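Each chain, letter by letter, is given below.
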Amino acid sequence: MAKKKLAVLFGGQSGEHEVSLMSAKSIINNLDKDKYEIYMIGITKKGEWYLYKGDVEKIETGEWEKEGIPATMGASTKYRGIITFEDEKNGFYPIDVVFPVLHGPNGEDGTIQGLLELLDIPYVGANVLSSALCMDKVFTKRIFKEAGLPTPDFVVVYRKEIEDLEAIKKKVEHLGYPCFVKPANLGSSVGITKVHNEEELPGALKLAAKYDRKLLIERGIDAREIECSVLGNENPQASIAGEIVPSNEFYDYNAKYFDGGKSLLLIPAPLPDEKMEEVRQLAIKAYKALDLRGMARVDFLMDRNTGTLYLNEVNTIPGFTKISMYPKLWEVSGKPYSILLDELINLATESYNEKCREW
Ligand SMILES: Nc1ncnc2c1ncn2[C@@H]1O[C@H](COP(=O)(O)OP(=O)(O)O)[C@@H](O)[C@H]1O
Ligand SMILES: [Mg+2]
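Residues numbered from 1 in each chain as written. Chains lettered and ligands numbered in written order. Predicted model: local features only at pLDDT ≥ 70, side-chain atom pairs only at ≥ 80, totals over all residues. Heavy atoms only, no water.

Turning our attention to the sheet that holds strand 8 (residues 154–158). Sheet architecture is open: 4 strands sit in the order 8-11-9-10, paired in antiparallel fashion. Single-partner strands in this sheet number two, and they are strand 8 and strand 10 (193–195). For this sheet, the mean inter-axis angle between neighbouring strands, taken without regard to orientation, is 25°. Of the strand pairs in this sheet, strand 8 and strand 11 (residues 214–219) are connected by 5 bridges, and their pairing is antiparallel. Counted as the bridge partner of V157 is L215 from strand 11. On top of the sheet, helix 7 (residues 165–172) reaches strand 8 and strand 11; it is set at about 160° to strand 8, its chief contact. (Pairing = 2+ DSSP bridges. Helix = DSSP H or I, 4+ residues; strand = E, 2+ residues; numbered from the N terminus. Axes fitted to C-alpha atoms, helices over the stretch in contact; angles between N-to-C directions. Contact = heavy atoms within 4.5 Å.)

Here you go:
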């Protein structure tokens, strides 16, 4: 069988650029080279695209940027693939399927997915709408509410409103303290503050407003953090759940990336069987409510005292290093990393074939 021409997109214009480099390195190293002809496309933080043909090890270090050939993927279906610009000559590499390994804005949020829809190339993961819905925490929560799924109560505040502190204090009174102030669209805990009392509110609002014009203020849950991997299109399957024990007061940016591994990943999460089952069922319900495709990691907050589960957020392109939660959970659920990659690519083709082209 002919090898599939697979483009792996990595880097990207987002605060999670470095995480993407790590995820991409793992994915490229573990793809079956007998099945795929791999094209590595790096996107710099400035948004410049390069076709990279060098050593995979140089992806994580950022050295790939110096060796890449200027490239792009357009919207015209006449050129379903990568166009390169080298020595005043253009090159063209047709592509069968794309694996966007981009976390956060400009990659996980529907923008790249939109480009690939126009180009009419199958791609791994959620479609435009679901990607965008999951990137915006307010919309994700509105879908949860509409579907009758539990999520912590919240209030939406816009940047232009934050000067009127008294009005905001009133608006959030029913949430109580601690509460969490977050930018609506971001990841990696950037711009998020745990607010212990009214006095801390203005600083938290100001910080979040640096990153987004739309903020949410959420009821704080004294919670254990449970995560579950979901895979599939029409009939999604849930992995066993894992637990994160953050090294800081909450799972903030430092705890995620700079604590030298002090945050713990417990796999499986130490939960009674019925709780584990409840997590998995809820994860699938959330996945279906958001009409997700391919994959997603569904994150929960579980009240320490009552055991009540709340949906926190959904990541449509979760961290994907070999030790990341998403693939790890599948591995212990009996699906090794390389098999998982094959399944994701097959799901991309399946989604593509279902697309309506009658008009
Ligand atoms: N309502 C909440 N109650 C308790 N902890 C929360 C709440 N919201 C967020 N957190 C803490 O903040 C972290 C980051 O918040 P999250 O909404 O997951 O944003 P991100 O997309 O940046 O990961 C969570 O992992 C958790 O530790
Ligand atoms: Mg999170």
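Structure's up, so let's keep going.
This part is about the site of ligand 1. Neighbouring residues of ligand 1: 19 residues in total, closest K137, K182, S189, E218 and E225. Here K182 contributes a side-chain N or O atom positioned 2.6 Å from an oxygen atom of ligand 1. A distance of 2.7 Å separates a nitrogen atom of ligand 1 from a polar atom in the side chain of E218. When the free accessible area of ligand 1 is taken as 540 Å², the share hidden by the protein chains comes to 96%. Broken down by secondary-structure element, the contributors of at least two residues to the shell around ligand 1 are strand 9 (179–183), strand 11 and strand 16 (309–315). In terms of residue class, the shell around ligand 1 is made up of 7 nonpolar, 5 polar and 7 charged. The residues that make up the shell around ligand 1 include at least three from each of domain 2 (133–150 + 222–354) and domain 3 (154–219). (Near = heavy atom within 4 Å. Polar contact = N/O pair within 3.5 Å; in protein donor to acceptor, adjacent residues only side chain to side chain. Areas by Shrake-Rupley, 256 points an atom, 1.4 Å probe, with all protein chains shown as cover. Nonpolar A, V, L, I, M, F, W, Y, C, P; charged D, E, K, R; others polar. Domains from an automatic or database assignment.)

The next thing to look at is the environment of G294. For G294, the location among the structural elements is in the loop between helix 10 (273–289) and strand 15 (295–303). Overall, G294 belongs to the buried group, its relative accessible area being 3%. Separated by 30 residues in the primary sequence, G294 and L264 place their C-alpha atoms 27 Å from one another. Setting aside anything within four residues of it in sequence, one finds G294 in contact with G125, V230, L231, G232, N233, Y287, L344 and L347. (Buried < 20%, exposed > 50% of the residue type's maximum accessible area, 1.4 Å probe, protein only.)

To continue, consider helix 8 (residues 201–211). The complete set of buried residues in helix 8 reads L201, A204, L205, A208 and A209. For helix 8, the angular spread of the buried residues around the axis is 130°, confining them to a single face. When the buried face of helix 8 is taken as reference, the exposed residues oriented beyond 90 degrees from it are K206 and K210. On the buried face of helix 8, the contacting elements are helix 7, strand 9, strand 10 and strand 11. (Arc of directions from axis to C-beta.)

Once that is clear, we can look at the pairing of strand 16. Taking burial as the measure, the 7 residues of strand 16 include 6 buried ones, the bulk of the element. The antiparallel hairpin formed by strand 15 and strand 16 contains 5 residues in its connecting segment, where G307 sits at a positive phi of about 80°.

The contact between helix 7 and helix 8 brings their axes to 11 Å, and the two run at 100°. By the criterion of interaxial angle, the relationship of helix 7 to helix 8 is roughly perpendicular. In contact with L165, I168, K169 and V172 of helix 7, helix 8 contributes L201, P202 and L205. (Parallel < 35°, antiparallel > 145°, perpendicular 65-115°, else oblique.)

How big an interface is tends to be stated in terms of accessible area lost as the parts join. By the assigned domains, the protein splits into domain 1 (4–123), domain 2 (133–150 + 222–354) and domain 3 (154–219). At the junction of the two partners, domain 1 supplies 28 residues and domain 2 supplies 21 residues. In total, about 2,000 Å² of surface goes out of reach between domain 1 and domain 2, with carbon and sulfur atoms giving 63% of it. One salt bridge connects K35 with D342, and the closest N-O pair in it is separated by 2.6 Å. On the surface where domain 1 and domain 2 come into contact, there are 10 residue pairs in polar contact (both at pLDDT 80 or more). (Buried area = accessible area lost by both parts, 1.4 Å probe. Salt bridge = Lys/Arg side-chain N within 4 Å of Asp/Glu carboxyl O.)

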